[in-house]
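# Geometric and topological summary
Spelled out from the first residue to the last, the chains are:
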Amino acid sequence: MKCKMIIFGSGKIGQEALGFFGAENVECFCDNNLKLAGKVRCGKTIISFSELKQKYSSNIIVIAVDESDSYDIAEQCQENGIQDYVFYGFMREKLSQWDSRQLFEFIAAPENRSRIRGDIWLKRVKILQKQVDYFKTHADIRHMKPARGSLRSRQLECVRVSAEFFEKISGLGIKPILYGGCLLGYIRHNGFIPWDDDMDFALIRDEYEKLKEFCRESIQEENNSCNAVKTVGNGNTADGLEDYFWSNKYNYFCVYKQLPDGRRVYIEFFSLDYYAEDHQFQELKAYAGNYIEDLSRLASDGEKVKYVERALAENGQNAVKESKSLFFGIDNMEFLMRRYPRERLIPKEVVFPLKRILFEEEKFWVPNDAEELLKYEYWDIWNFPWDVGLQRHCEIDEQENE
């Protein structure tokens, strides 16, 4: 049988837990208040957390403080390699009809403690979800404060690197269009979405392929299988682009810069296609169903890239050089997600003529009617999304954002 339990918390709730479980089943108290270490309360010695780690980490840990502090202590235990704990308050709520012998026999079984922990954290998730739902209902996303600390520094670095890259490739004559999260940030926050951490751009098909061809010839390619790079096609990296790399995904194209400190700044590109005048959206939608189903059967990204390249060639009869209507390319993440808030092709005048604007103090192109284009990509740009507060490319320590 597992050795006796340690009650974490020697205050009123901890003393109540001692009576609940029975003094004969308790080894001692533990408390974060170092002034109490070595003292005796209710016949039980109080130990420090340091002593708990050194001598008693294999005991059953019962956290007996108020609910808000219970989760803090649970995280403290986990961060120090102590995974086996339960909450007294939760057990009192569920098992108050049991006597101390039954309680100890129950809690001595590892599978029961594991189940209790699962229920505890599920309860916590439900509470947090209610709080998030309340926040979303009563807050206005347009009035969120901008990012701070490391995340804000990263955002500004993304802007600087993007402007620098476009200046270096200006000879291509392409016009990357602020897109996706960045375009949404421009409209909704007058800058970056507070939790965003990369730059998104769209390109008309001809310019999209021109950029890809340039990168193949002039920039090093990332080798996804080993996180290394391959030499460029002609063996020579273009002057000034030695720190840039590219990667061709099946649902977007990516360029990133490797910074001296090892971090990467990502610039992602997404395709837009013109469609023939007689092509109907429902035809495109029907094609998407079969196309995406076939794609889902492929295991590796390499297989998907080759499949998409073949599909692009076959789609040439529908995707044309120029027309009055556009839509996300079939190699665009939006197309592959089958998320169509507006079930119709995008009129050309929504995108063109492009406008030159300031985004975080650098000049970029945006669509003629940016808010209208966003309605083809997002269901409601004024609501909080499911991934609010989450970064895709970096982990930002909470303290660094304060």
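My aim in this report is to walk through the structure given alongside it, one point at a time.

Bringing the overall build of the chain into the picture now. Along the chain, the regular secondary structure elements total 14 helices and 18 strands. Compactness check: the chain gives a C-alpha radius of gyration of 29 Å against a globular reference of 21 Å for 402 residues, more than 25% above the reference. The C-alpha extent of the chain, read off along each of the three principal axes, is 85 × 45 × 40 Å. For the chain, with 402 residues in total, the buried portion stands at 48%. Across the chain, contacts joining residues at least 24 apart in sequence account for 66% of those joining residues at least 6 apart. When the accessible surface of the chain is summed, it comes to about 20,600 Å², and 48% of that surface belongs to carbon and sulfur atoms. Positive and negative side-chain charges in the chain, numbering 55 and 67 respectively, have mean positions lying 4 Å apart.

Glancing now at the packing of aromatic side chains. In total, this model carries 32 aromatic pairs according to the counting rule given. Arranged with centres 5.6 Å apart and planes meeting at 45°, the rings of phenylalanine 201 and phenylalanine 364 form a pair that is tilted. With phenylalanine 201 in strand E8 (residues 199-204) and phenylalanine 364 in strand E18 (residues 362-366), the pair connects residues that are 163 residues apart, well separated along the chain. Assigned by exposure class, phenylalanine 201 and phenylalanine 364 land together as buried. Pairing phenylalanine 335 with tyrosine 340 gives two aromatic rings, centres 6.5 Å apart and planes at 50°, and the pair type is tilted. Relative accessible area serves as the criterion here: at 0%, phenylalanine 335 is assigned to the buried category.

Before going further, it helps to examine unusual backbone geometry. Negative phi is the rule for most residues except glycine; trans is the rule for most peptide bonds. Proline 353 follows phenylalanine 352 through a cis peptide bond whose omega is 0°. Mapped onto the fold, proline 353 is located in the loop between helix H13 (348-351) and strand E17 (355-359). Its identity as a non-glycine residue notwithstanding, asparagine 190 has a phi of 55°, on the positive side. Within the fold, asparagine 190 resides in the loop between helix H8 (180-189) and E8. Although it is not a glycine, glutamate 361 adopts a positive phi angle of roughly 75°. Tracing the backbone through its elements, the reader meets glutamate 361 in the loop between E17 and E18.

Moving on to the environment of tyrosine 266. Tracing the backbone through its elements, the reader meets tyrosine 266 in strand E13 (residues 264-275). Placed 28 residues apart in sequence, tyrosine 266 and aspartate 294 show a C-alpha to C-alpha distance of 29 Å.

Let us look at H8. One full turn of an α-helix is made of 3.6 residues, so residues set three or four places apart face in the same direction. The buried fraction of H8 is high, at eight of 10 residues. Among all positions of H8, only Gly180, Gly181, Cys182, Leu183, Leu184, Gly185, Arg188 and His189 are buried. Once H8 finishes, asparagine 190 follows within two positions and takes phi at roughly 55°, a positive value.

This paragraph deals with the layout of surface pockets. If you add up the space inside the largest pocket, you get close to 770 Å³. Gly181, Arg339, Tyr378, Trp386 and Asp387 are the residues nearest the centre of the largest pocket, which is lined by 30 residues in total. Elements that contribute at least two residues to the lining of the largest pocket include exactly H8, E13 and helix H12 (333-336). Here the element with the most residues in the lining of the largest pocket is H8; it accounts for four residues. Taken together, the residues of the lining of the largest pocket break down into 14 nonpolar, four polar and 12 charged.

Sheet strands pair via backbone hydrogen bonds, and the direction of the pair is either parallel or antiparallel. Spatially, the six strands line up as an open sheet ordered E3-E4-E2-E1-E5-E6, and their pairing is mixed. The open sheet has two edge strands with one neighbour each: strand E3 (40-41) and strand E6 (85-87). Here strand E1 (residues 5-8) pairs with strand E2 (residues 26-30) via four bridges, running parallel. The residue bridging isoleucine 7 from the neighbouring strand is phenylalanine 29, located in E2. Packing of helix H4 (residues 88-95) onto the sheet brings it into contact with strand E5 (60-63) and E6, and relative to E6 it is tilted by some 60°. Contacts from helix H5 (residues 100-108) reach E1, E5 and E6 within the one sheet, and its direction differs from that of E5 by about 115°.

Moving on to the pairing of E1. Side-chain alternation along E1 places Met5 and Ile7 on one buried face and Ile6 and Phe8 on a second face that is also buried. Bridge count for E1 against E5 is four bridges, and the pairing is parallel. Note that in E5 the partner of isoleucine 6 across the bridge is isoleucine 61. Remark: the E1/helix H1 (residues 12-21)/E2 crossover connection has right-handed handedness.

Criteria and cut-off values
- Residues numbered from 1 in each chain as written.
- Predicted model: local features only at pLDDT ≥ 70, side-chain atom pairs only at ≥ 80, totals over all residues.
- Heavy atoms only, no water.
- Helix = DSSP H or I, 4+ residues; strand = E, 2+ residues; numbered from the N terminus.
- Rg over C-alpha atoms; globule rule 2.2 N^0.38 Å.
- Buried < 20%, exposed > 50% of the residue type's maximum accessible area, 1.4 Å probe, protein only.
- Contact = heavy atoms within 4.5 Å.
- Areas by Shrake-Rupley, 256 points an atom, 1.4 Å probe, with all protein chains shown as cover.
- Lys, Arg positive; Asp, Glu negative; His and termini not counted.
- Charge placed at Lys NZ, Arg CZ, Asp CG, Glu CD.
- Phe/Tyr/Trp six-rings, centres within 6.5 Å; stacked < 30°, edge-to-face > 60°.
- 1 Å grid on protein atoms, 1.4 Å probe; cavity = no way out; pocket = protein on both sides within 12 Å on 5 of 7 lines; lining within 4 Å.
- Points joined across faces, edges and corners; volume = space filled by probe spheres on them.
- Nonpolar A, V, L, I, M, F, W, Y, C, P; charged D, E, K, R; others polar.
- Pairing = 2+ DSSP bridges.
- Axes fitted to C-alpha atoms, helices over the stretch in contact; angles between N-to-C directions.
- Right-handed = clockwise from strand over helix to strand, strands pointing away.

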